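Geometric and topological summary
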Amino acid sequence: DAAKPSNFLRQIIEHDLDKGTYASRRWAGSPGDAAHHAQGEPDPAKIRTRFPPEPNGYLHIGHAKSICINFGLARDYGGICHLRFDDTNPEKEDTEYVNSIIDAVKWLGFDWNGSAGAAPYQASDYFDFMYRAAEYLIEAGHAYVDEQSAEDMRANRGDFGKPGIDSPYRSRPPAENLMRFREMRDGQHADGAMVLRAKIDMASPNINLRDPAIYRIRRATHHHTGDQWCIYPMYTFAHPIEDALEQITHSICTLEFEDQRPFYDWLLQRLIEGGLLASPPPHQYEFARLNLTYVVTSKRKLAQLVNEHKVSGWDDPRMPTIVGLRRRGYTPQALQLFAERIGVTKSDSWIDYSTLEGCLRETLELTAHRGMAVLNPVKLVLTNWDEVFAAGYLEPCQLPALPHPPEGVESPTRHFTIGKEVWIEREDFEEVPPKGYKRLFPGNKVRLKGGYVIECTGCTKDANGQITEVLATVVGDTKSGTPGADSVKVKAAITWVGVADGVSAEVRMYDRLFLDAQPDAGGKDFLQCLNPNSLKVVTAIVEPSLANAQPDDKFQFERHGYFVADRIDHQAGKPVFNLAVGLKDSWGK
Ligand code: ATP
Ligand code: MG
Ligand code: MG
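Note that the structure is a prediction, hence the values are computed from the model and not measured. (Residues numbered from 1 in each chain as written. Chains lettered and ligands numbered in written order. Predicted model: local features only at pLDDT ≥ 70, side-chain atom pairs only at ≥ 80, totals over all residues.)

1. Side note on the packing of helix 2 (residues 61–76) against helix 11 (residues 332–342)
Put simply, the test is: Working convention: axes come from line fits to C-alpha atoms, limited for helices to the stretch in contact. Angles between N-to-C directions cover 0 to 180 degrees. Labels follow the DSSP assignment, with helices taken as runs of H or I lasting at least four residues and strands as runs of E lasting at least two, numbered in each case from the N terminus. With respect to orientation, any angle under 35 degrees is reported as roughly parallel, any angle over 145 as roughly antiparallel, any angle of 65 to 115 as roughly perpendicular, and every other angle as oblique. Whether two residues are in contact is decided by their C-beta atoms, placed from the backbone, lying within 7 Å. Three classes are used: nonpolar for Ala, Val, Leu, Ile, Met, Phe, Trp, Tyr, Cys and Pro, charged for Asp, Glu, Lys and Arg, and polar for all others, with Gly counted as polar.
Remark: helix 2 packs on helix 11, axes separated minimally by 9 Å, with the N-to-C direction vectors making an angle of 80°. Regarding the angle of helix 2 to helix 11, the classification is roughly perpendicular. On the side of helix 2, the interface is formed by Ala64, Lys65, Cys68 and Ile69, while helix 11 contributes Leu335, Gln336 and Ala339. The class makeup of the residues in the contact of helix 2 with helix 11 is five nonpolar, one polar and one charged.

Laid out in structure tokens, this is it:
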């Protein structure tokens, strides 16, 4: 798609497609190899990317960036993006997370593995192959079983500027390593008693190349393979193999994996030499992770917010999780627009939260139906209503649901009524108007939007001086949309809802979850930065069209902002709305 702004990943892909980098990719193994089961024959015409979450939590806005990049590139270049669960760490993983990730990717608008409804890949499907790859490395002299204690191993790894010290087990012959490794697999050694390490270079300036561990003993039940294995591959070993087996071409990850790339390349080269993998192998590219102000994007910290009940759950509308954003009223279009707008770079930076909100506003502006809602209601009584019309009379009114419908779309019409009593916002009446105030004060005329011009005559108060009712008279023959509408000029039109047909609704007014723009930067305790006023629940009165909302319907409450009917709690007869985003950027204040 030439219309899209270029970035370093697009340039690399265009180069590879142009040069046919992967056109010559061939399997080296025999046709019966496990290597073939993932994708069948190589497809040189296509790029393959992947999104490889670990199913140990709910996805967040940073993952949404990664999803949009990987699936977006595959879509734009006619390729395929794989959804793969990187499930090599059994203790922390769970099918609850697997399902939530599947939902999130689907909701964002993407199909994986080249066909709608395909099953996602799982790293655990490759455990047999990985085991075989490990045995090959041992036989070829590229791996050994190390029985040093964890402390010794760490100490002997050395440090920056200080070479490591060879393990006493490093020069053990392959046959002995193989025997030990099989004992590990067969459950003859305790957890942590020994590990399999790649044999690379204990003096490498890149610590990741100082004989990294590639298999460990862990008696843990895996959510997919159960108790079949008591040894599990390390992530750094498993990941390149997963990519290669699935014939990934461009393995795109965040910058913190840059130092792992040499091992990624080393491992795949060894396995190609051994005839286990096709050549050329996939290549890893790194981009800057998303850092968004006023949120934390670490699964561990998000889990802490949930577990310590700082929020109502993973899908609390204040959470930067995909389920939270969705419940807040975010749309897939808004998140895709956001990912495009922030782009892909190779250097870390912070994105302002207002950029995300701007994307939501932009996508809702043209599509969200308008409606009137009074968030802080006071009753307005039209004292001459019965004389101008008749006691109990209700006049039907209407307004378009979409004032600026997209081309080719006809706006639906909202229907509501006006009668003697209506709800207005408390802030729309001032007994003594401040300078420049154009709304209701004694002697002033305003229009009730979509209804009549009225003239304020005063108010009534209770014993505490609190205003209980605003009083006004209706000016007959001024109804919006009739020839008399312009007969009286007014300086303001205010929103309102009829007492007769207005419906009470719970409205959840959300604010930023953290008061600090970088709640977890520089050693700060992010829990100390929580905004104590991030949720205020009010009872509002909404017009009938809003009360008829379906869960997840989005609206613009005129003058207040964009709101969504809560996916979980909203019901017919008991409306619940969440503030998605205000009409204007308020983050600068
Ligand atoms: P966390 O640090 O929140 O636990 P993770 O990186 O461990 O996240 P994974 O499930 O391993 O979570 O991530 C899947 C993919 O999403 C990886 O390719 C990772 O690089 C990417 N990713 C995670 N966080 C971000 C982020 N903030 N910005 C962009 N991509 C991200
Ligand atoms: Mg991870
Ligand atoms: Mg992480």
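From this point, the discussion proceeds with the structure in view.
2. Comments concerning the packing of helix 4 (residues 127–139) against helix 6 (residues 174–185)
Relative orientation of the contacting elements helix 4 and helix 6 amounts to 155°, with a least axis distance of 8 Å. Here helix 4 is positioned roughly antiparallel relative to helix 6, judged by the angle of their axes. Contact with helix 4, carried on its side by Ala134, Glu135, Ile138 and Glu139, involves Pro174, Asn177, Leu178 and Phe181 of helix 6 and no other residues of that element. Classifying every residue of the contact of helix 4 with helix 6 gives five nonpolar, one polar and two charged.

3. Overview of the sheet that holds strand 4 (residues 143–146)
Counted only if it meets this: Strands were regarded as paired on the criterion that DSSP finds at least two bridges between them.
Spatially, the four strands line up as an open sheet ordered 4-5-6-7, and their pairing is antiparallel. The open sheet has two edge strands with one neighbour each: strand 4 and strand 7 (231–233). Direction aside, neighbouring strands of the sheet carry axes that sit 20° apart on average. Note that strand 4 and strand 5 (residues 195–198) share four bridges and pair antiparallel. Bridge pairing in strand 5 places Val145 opposite Leu196. Helix-sheet contacts for helix 4 involve strand 4, strand 5, strand 6 (213–217) and strand 7, and the interaxial angle to strand 4 is about 95°. Packing against the sheet, helix 6 makes contact with strand 4, strand 5, strand 6 and strand 7, and its axis sits at approximately 60° to strand 4.

4. Brief notes about the domain arrangement of the protein
Interface extent is often summarised as the accessible area lost during association of the parts. Cut-off, in case you're wondering: The source of the domain bounds is an automatic or database domain assignment.
If you check the domain split of the protein, you get domain 1 (8–287), domain 2 (299–368 + 505–581) and domain 3 (373–494). Centre-to-centre, using C-alpha coordinates, domain 1 lies 65 Å away from domain 3.

5. Re the site of ligand 1
Formally: Residue proximity rests on one test: whether the C-beta atom, placed from the backbone, lies within 6 Å of the molecule or strand.
The full set close to ligand 1 counts 14 residues, and Pro53, Gly62, Thr254, Arg289 and Lys299 are the nearest of them. Among the secondary structure elements, those contributing two or more residues to the shell around ligand 1 are helix 2 and strand 8 (250–254). Here the shell around ligand 1 gets four residues from one element, more than from any other, and that element is helix 2. For the shell around ligand 1, the class distribution of residues is four nonpolar, six polar and four charged.

6. Concerning the nonpolar core
Cut-off, in case you're wondering: We call a set of buried Ala, Val, Leu, Ile, Met, Phe, Trp, Tyr and Cys residues a nonpolar core when their C-beta atoms link them within 7 Å. Think of it as a crowd count around each C-beta: if 20 or more other C-beta atoms lie within 10 Å the residue is buried, if 12 or fewer it is exposed, and in between it is partly exposed, with C-beta placed from the backbone throughout.
Residues Ala64, Ala373, Val374, Ile424, Ile454, Trp496 and Val497 are the most contacted members of the largest nonpolar core, which totals 101 residues. The greatest single-element share of this core, amounting to eight residues, is contributed by helix 2. In contact with Ile454, not counting residues within four places along its chain, are Leu382, Lys445, Val446, Leu448, Ala472, Thr473, Val474 and Val475. One finds Phe127, Ala133, Ala134 and Phe181 within the second-largest nonpolar core, a separate group that totals 38 residues.

7. Some remarks on the UniProt feature "binding site: L-glutamine" (unreviewed entry) in the protein
The line we're drawing: UniProt positions are given in the numbering used here, feature names are shortened, and annotations may be inferred rather than shown by experiment.
UniProt feature "binding site: L-glutamine" (unreviewed entry): in the numbering of this structure it lies at Asp86 and Tyr235. Taken along the chain, the residues just named run across 150 residues; in space they keep tight, none of their C-alpha pairs more than 8.0 Å apart. Along the chain, Asp86 falls in the loop between strand 2 (80–85) and helix 3 (95–107). For Asp86, the residues in contact, after removing those within four places along its chain, are Pro52, Pro53, Glu54, Ala123, Tyr235 and His239. Mapped onto the elements, Tyr235 comes out in helix 7 (residues 235–245).

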